[in-house]
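# Residue-level structure breakdown
Here is what each chain is made of, one letter per residue.
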Amino acid sequence: MDLRIFTEPQQGASYDTLLTVAQATEALGFDAFFRSDHYVAMGSADGLPGPTDAWITLAGLARETKRLKLGTLMTAGTFRLPGVLAIQVAQVDQMSGGRVELGLGAGWFEEEHRAYGIPFPKEKFARLEEQLAIVTGLWGTEVGKTFSYEGTHYQLTDSPALPKPVRGKVPVLIGGHGATRTPRLAAQYADEFNIPFASIEDSERQFGRVRAAAEAIGRRADDLVYSNALVVCVGRNDAEVARRAAAIGREVDELKANGLAGSPAEVVDKIGRYGAIGASRIYLQILDLHDLDHLELISAQVQTELS
């Protein structure tokens, strides 16, 4: 089971804070550091000192880390034109020596679009499908040849389709709870399917849909990685769990029901149950980015047990 650290910087984090967490993530042996792609805080968080852009952040981290994989859960398709996104991601991949992964979603948080003057189209899923076709098509075009695309939402003519990622393509993550269109897109374009904040039962059901969609187009279902993203709150004792839950404005019982919370043994057991239904990777949503002892505990007593 791969454990990855997943952060939500829109809730309030500077680049320096993210760098500290990413370097701790690498030093403690976690597989990857991922971040959300949002510009406005959610809930009661003040969001100070203000938003950081996902791909500018990852570009900086690419030069400040050595081993860690870096990526997004999920880049909002509404934020970037697909041709520009393909260039940005390929460049950051080159800057990291081939350690970047792209999670790409349709975009959903209308408030942040209004706040920063970003168009919020009514039909987002069809745009996402074209974006996936364009990004992967640009990367997959042979050097020296050109790429053209004629879609409803995007048109590209004789693109040089440069630059290229280090490995030819960047692994693509697609995720979500949709019962029909999401599995179909994952089967066609994804290297990994991720379901965020879902129960074991809902995860098993959605993994099954993706597997069936892959097989329906002649792809081996096991060609995809299946993963979950879950909030994490681990403590050496009940008091420590309660303190960490309070620090992120959550209740212990709710966290145990909907995430990974409790003692290291409790969390290891629950992760094992996700593993039993096909998950081989867990993104641990860390909401208190100043509590590095939390990362150390997870590394020493959760990650070590799972490995």
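Whatever comes next refers back to the structure up there.
Residues numbered from 1 in each chain as written. Predicted model: local features only at pLDDT ≥ 70, side-chain atom pairs only at ≥ 80, totals over all residues. Heavy atoms only, no water.

A separate point is helix H6 (residues 181-189). Those residues of H6 not exposed but buried are Thr 182, Pro 183, Leu 185, Ala 186, Ala 187 and Tyr 189. Contacts from the buried residues of H6 go to helix H5 (125-140), strand S8 (172-175), strand S9 (192-196) and helix H7 (200-216). (Buried < 20%, exposed > 50% of the residue type's maximum accessible area, 1.4 Å probe, protein only. Helix = DSSP H or I, 4+ residues; strand = E, 2+ residues; numbered from the N terminus. Contact = heavy atoms within 4.5 Å.)

Under the definition given, this model contains six aromatic pairs. For the ring pair Phe 34 and Tyr 283, a centre distance of 5.0 Å and an interplane angle of 70° mean the geometry is edge-to-face. Of this pair, Phe 34 sits in strand S2 (residues 32-35) while Tyr 283 sits in strand S12 (residues 281-286), and the two are 249 residues apart along the sequence. Classification of Tyr 283 as buried rests on a relative accessible area of 0%. A ring pair is formed by Phe 193 and Phe 207, whose centres lie 6.4 Å apart and whose planes are at 85°; its orientation type is edge-to-face. Separated by 14 residues along the polypeptide, Phe 193 in strand S9 and Phe 207 in helix H7 bring together distant segments of the chain. Given the relative accessible area of 0%, Phe 193 is considered buried. (Phe/Tyr/Trp six-rings, centres within 6.5 Å; stacked < 30°, edge-to-face > 60°.)

Next up on the list: the environment of Ala 279. Examined against the element boundaries, Ala 279 turns out to sit in the loop between helix H10 (264-276) and S12. In this structure the C-alpha to C-alpha distance between Ala 279 and Phe 193, which are 86 residues apart in sequence, comes to 9.6 Å. Apart from the residues lying within four places of it in its own chain, the contact partners of Ala 279 are Met 1, Phe 207, Tyr 226, Asn 228 and Tyr 274.

Attention now moves to the side chain of Arg 281. Its location among the elements puts Arg 281 in strand S12. A polar contact of 3.2 Å, which involves the side chain of Arg 281, links it to the side chain of Asp 2. Apart from the residues lying within four places of it in its own chain, the contact partners of Arg 281 are Met 1, Asp 2, Arg 4, Asp 31, Glu 101, Glu 192, Val 225, Tyr 226, Ser 227 and Asn 228. (Polar contact = N/O pair within 3.5 Å; in protein donor to acceptor, adjacent residues only side chain to side chain.)

Before going further, it helps to spend a moment on the nonpolar core. With 75 residues, the main nonpolar core has Trp 55, Trp 139 and Leu 284 as its most contacted residues. Top contributing element to this core by residue count: H5, with eight residues. With residues near it in sequence (within four places) discarded, Trp 55 still touches Thr 72, Thr 75, Arg 80, Leu 85, Val 89, Val 92, Val 100, Glu 101 and Leu 102. Phe 6, Ala 32, Leu 173 and Ala 229 belong to the second-largest nonpolar core, a separate cluster that totals seven residues. (Core = buried A, V, L, I, M, F, W, Y, C linked by side-chain atoms within 4.5 Å.)

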